[in-house]
Amino acid sequence: MNEKQFKGYIMPLHKTLYAYALAILRDESDAADCLQDAFTKLWENRKRLEEVDNVAAYATVTVRHIALSMVSRTKRPVTAFGDNPPDVADTSPSPAAAIEGKDNLQTVADLLMRLPENQRKVVMMSAVTGLSNSEISSATGLSDDNVRVLLSRGRKRIRQLFSLHTK
């Protein structure tokens, strides 16, 4: 790749690459330094760029690697909030709540096995794989109304069984 081709392919990416570096580094001068290093590295490897299918992606990855190495060298955490992270309460569940949730999940999985086959299949397709009623209808050959009824009855039965189990 000669100088003219380099200017034609790489230089138009300047704003995009700068914005990407700035998003990682959160400092304008660091982002400018990163971009300078990236352009130098790309220029030094310009012969290899002729073999690259997507030069923009290659340049973006180069910027990313340089920016992340800059972050690791300064031991500065990568954050979307800069040096002033917001005060956020720890909302993670306690160990006891996590264990209880896991137990409840296992209970629901066991209760699913007690449903009739058609209800179990439809409930699992909805809850586990996240399919919509129309997608379930297409996959199973059931009508949309039948899918809706099976889901409703299956969910209702699981709630009933779960409430009996936890009493």
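All of these numbers come straight from a predicted model, not from anything done at the bench. (Residues numbered from 1 in each chain as written. Predicted model: local features only at pLDDT ≥ 70, side-chain atom pairs only at ≥ 80, totals over all residues. Heavy atoms only, no water.)

So, the overall build of the protein chain
Thinking step 1. For the protein chain, the count of helices and strands is nine helices and zero strands.
Thinking step 2. Ordered by position from N to C terminus, the α and β elements of the protein chain give α-α-α-α-α-α-α-α-α.
Thinking step 3. Taking all 167 residues of the protein chain together, the buried fraction comes to 25%.
Thinking step 4. Split by element, the accessible area of the protein chain, about 11700 Å² in all, is 53% carbon and sulfur. (Helix = DSSP H or I, 4+ residues; strand = E, 2+ residues; numbered from the N terminus. Buried < 20%, exposed > 50% of the residue type's maximum accessible area, 1.4 Å probe, protein only. Areas by Shrake-Rupley, 256 points an atom, 1.4 Å probe, with all protein chains shown as cover.)

What to know about the side chain of Ser 137
Thinking step 1. Note that Ser 137 resides in helix H8 (residues 133-140).
Thinking step 2. By relative accessible area, Ser 137 is classed as buried at 12%.
Thinking step 3. Polar contacts involving the side chain of Ser 137 include one to the side chain of Asp 144, which spans 3.2 Å.
Thinking step 4. Not counting chain neighbours up to four residues away, the residues in contact with Ser 137 comprise Leu 142, Ser 143, Asp 144 and Val 147. (Polar contact = N/O pair within 3.5 Å; in protein donor to acceptor, adjacent residues only side chain to side chain. Contact = heavy atoms within 4.5 Å.)

Here we look at the packing of aromatic side chains
Thinking step 1. A full pass over the atoms with the stated rule returns one aromatic pair.
Thinking step 2. When the centroid spacing of 5.1 Å and the interplanar angle of 80° are considered together, the rings of Phe 6 and Trp 43 count as edge-to-face. Remark: Trp 43 occurs in helix H3 (residues 28-44) and Phe 6 occurs in helix H1 (residues 3-9); sequence separation between them is 37 residues.
Thinking step 3. With relative accessibility at 31%, the residue Trp 43 sits in the partly exposed group. (Phe/Tyr/Trp six-rings, centres within 6.5 Å; stacked < 30°, edge-to-face > 60°.)

With respect to the nonpolar core
Thinking step 1. Grouped together as the largest cluster of nonpolar side chains are 22 residues, with contacts concentrated most on Ile 10, Leu 17, Cys 34, Leu 42 and Val 63.
Thinking step 2. Among the secondary structure elements, those contributing two or more residues to this core are helix H2 (14-25), H3 and helix H5 (55-74).
Thinking step 3. The element best represented in this core is H5, accounting for seven residues.
Thinking step 4. Not counting the four nearest positions on each side in its chain, Cys 34 is found in contact with Ala 21, Leu 25, Val 63, Ile 66, Ala 67 and Met 70.
Thinking step 5. Met 125, Ile 136, Leu 150 and Ile 158 belong to the second largest nonpolar core, which has ten residues in total. (Core = buried A, V, L, I, M, F, W, Y, C linked by side-chain atoms within 4.5 Å.)

Some words on H3
Thinking step 1. For H3, with 17 residues, the first-to-last C-alpha span of 24 Å sits near the 24 Å given by 1.5 Å per residue.
Thinking step 2. The set of residues buried in H3 consists of Asp 30, Ala 31, Cys 34, Leu 35, Ala 38, Phe 39 and Leu 42.
Thinking step 3. Of the surrounding elements, those touching the buried residues of H3 are H1, H2, helix H4 (46-49) and H5. (Expected span 1.5 Å × (residues − 1).)

Side note on helix H9 (residues 144-166)
Thinking step 1. The end-to-end C-alpha separation of H9 is 33 Å, in line with the 33 Å expected for 23 residues at 1.5 Å each.
Thinking step 2. Of all the residues in H9, the buried ones are Val 147, Leu 150, Leu 151, Gly 154, Ile 158 and Leu 161.

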